[in-house]
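# Notes for the structure review
Chain by chain, the residues:
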Amino acid sequence: MPEYTLAAVVSVVLVMVLELAWLRTGMFRRPAFWITAVIVFGFQIPVDGWLTKLSAPIVLYAESHASGIRAPWDIPVEDFAFGFSLMTLTLLLWDRLGSRERDQDHGRARGRASTAPPPPASAGRAPGRER
Amino acid sequence: MPHRVLRSPQIDRFQYLLLMAACLVLTLPLEFVFRARVYRRPSRLVRTLVPVLVVFLAWDAVAVARGHWHFSDRYTTGWLLPLRIPVEEFAFFLVIPICALLTYESVTTMLGYLADRRRARRAAPVGEPQGAEHA
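The rules we used
- Along each chain, residues carry numbers from 1 onward, in the same order as the chain's sequence is written.
- Written order decides the labels, with chains lettered from A and ligands numbered from 1.
- Confidence filtering applies because this is a predicted model: local features only for residues at pLDDT of at least 70, side-chain atom pairs given and counted only at 80 or more, and all residues used for totals across whole chains, interfaces and linings.
- Water and hydrogen atoms play no part in the side-chain values, which are based on all heavy atoms of the structure.
- UniProt positions are given in the numbering used here, feature names are shortened, and annotations may be inferred rather than shown by experiment.
- Runs of H or I in DSSP of at least four residues are treated as helices and runs of E of at least two as strands, each being numbered from the N terminus.
- Any carboxyl oxygen of Asp or Glu that lies within 4 Å of a side-chain nitrogen of Lys or Arg is treated as forming a salt bridge with it.
- Three labels apply to residues, based on accessible area from a 1.4 Å probe with only protein chains included: buried if under 20% of the type maximum, exposed if over 50%, partly exposed otherwise in between.
- Two rings from Phe, Tyr or Trp (for Trp, the six-membered ring) form a pair when their centres are within 6.5 Å of each other. A pair whose planes differ by under 30 degrees is stacked, one over 60 is edge-to-face, and the rest are tilted.
- Definition used: whenever NZ (Lys) or CZ (Arg) falls within 6 Å of the ring centre and also within 35 degrees of the ring normal, the charge is taken to sit over that ring.

### Remarks on the UniProt feature "transmembrane region" (unreviewed entry) in chain A
Residue and element names in this part refer to chain A.
- Mapped onto the present numbering, the UniProt feature "transmembrane region" (unreviewed entry) falls on residues 6–23, 32–51 and 80–98.
- Along residues 32–51 the backbone is 100% helical and 0% strand, and the end-to-end C-alpha distance reaches 28 Å.
- Here residues 80–98 is 100% helix and 0% strand, with 26 Å between the C-alpha atoms at its ends.

### Observations concerning the UniProt feature "transmembrane region" (unreviewed entry) in chain B
All names here are of chain B.
- Per the UniProt record, the feature "transmembrane region" (unreviewed entry) sits at residues 14–34, 46–70 and 90–114.
- The span residues 14–34 shows a helical share of 90% and a strand share of 0%, and its end C-alpha atoms are spaced 31 Å apart.
- With 100% helix and 0% strand, the stretch residues 90–114 has end C-alpha atoms that lie 37 Å from each other.

### A short note on the pattern of salt bridges
- The final tally for this structure, using the stated rule, is seven salt bridges over all chains.
- Here Glu63 of chain A makes a salt bridge to Arg70 of chain A, at a shortest N to O gap of 3.2 Å.
- Residue Glu63 of chain A is classed as partly exposed on the basis of its relative accessible area of 44%.
- Taking the relative accessible area as the measure of exposure, Arg70 of chain A reaches 17% and is therefore buried.
- As a salt-bridge pair, Glu31 of chain B and Arg40 of chain B come within 3.0 Å of each other at their nearest N and O atoms.
- Residue Glu31 of chain B is classed as buried on the basis of its relative accessible area, which comes to 0%.
- Exposure remark for Arg40 of chain B: the relative accessible area of 38% places this residue in the partly exposed category.

### Some remarks on the UniProt feature "domain: Lycopene cyclase" (unreviewed entry) in chain A
- Sequence positions flagged by UniProt for "domain: Lycopene cyclase" (unreviewed entry) are, in local numbering, residues 8–93 of chain A.
- Helix and strand shares over residues 8–93 of chain A are 63% and 3% respectively, and the end C-alpha atoms of the span are 20 Å apart.

### Re the UniProt feature "domain: Lycopene cyclase" (unreviewed entry) in chain B
- If you check UniProt for "domain: Lycopene cyclase" (unreviewed entry), the listed places come out as residues 18–105 of chain B in our numbering.
- Helix makes up 68% of residues 18–105 of chain B and strand 8%, with an end-to-end C-alpha separation of 25 Å.

### A few points about the packing of aromatic side chains
- By the definition in use, this model includes 17 aromatic pairs over all chains.
- Pairing Phe28 of chain A with Trp34 of chain A gives two aromatic rings, centres 6.2 Å apart and planes at 40°, and the pair type is tilted.
- Trp34 of chain A gets classed as partly exposed once you look at its relative accessible area, which sits at 39%.
- Taking the centre distance of 6.0 Å and the plane angle of 85° together, the rings of Phe82 of chain A and Trp69 of chain B count as edge-to-face. Taken together, the residues span two chains, with Phe82 of chain A in helix H3 (residues 78–104) and Trp69 of chain B in strand S1 (residues 69–71).
- For Phe82 of chain A, a relative accessible area of 9% gives the class buried.
- Look at Trp69 of chain B and you get buried, because its relative accessible area is 5%.
- Stacked on the ring of Trp50 of chain A, the Lys or Arg Lys53 of chain A has its end atom at 4.2 Å from the ring centre.
- Here the basic side chain of Arg44 of chain B rests over the ring of Trp94 of chain A, its NZ or CZ set 4.0 Å away from the ring centre.

Here it is in structure tokens:
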């Protein structure tokens, strides 16, 4: 298998393993994740398309390291696996930090103005901050 | 002559960077319209982006070293960060994750809004009894 193709496939496997074996955010069961994936995939086409178009490429690929399949237009298909890994790693980390924040101080109301003083009942903070 | 201006190398050098700027500008309204609250959680954002940057810039460096891909001299600035990282690649691995986060948080807002509406309609005492049937 060409190197970039292999790396792209491996990256998807690794990010899946990261979630299923370690982070366990439950992201893959969430409709919001898959809807986001479809939207990001849709916007990848014009952006990546602009970067890789063969008429005036900004990023130039060595054909020997990729499958040679370029679709849609001139986008190397491997880029979609690359993009999936980039998006998924980002969302997993974000989600993981979010649930940690919620665990640490669930007393802080989301909608409260940032200028408001911290809530007086901050006893819930004690178990957190161990990081 | 206008053709020459459009193809001027001075502008072409910024193509990659301008594309990244366009992505940021186009997704910025999500922060406010859908209350994505990504930029307004800077600490969480930074702690998400740093590992992503490290992993993907490392991949990028290996890929460039192995010759998987390289960047056009014409459409990039040639500005390099430490470790010979093109400023465009650094921008890419910041901007694309931010766009993904704004999308994800907007979708979450939207789904939450729809769920609230469904719940409110179901909880509505009288008013429209067949509305509950439809939902």
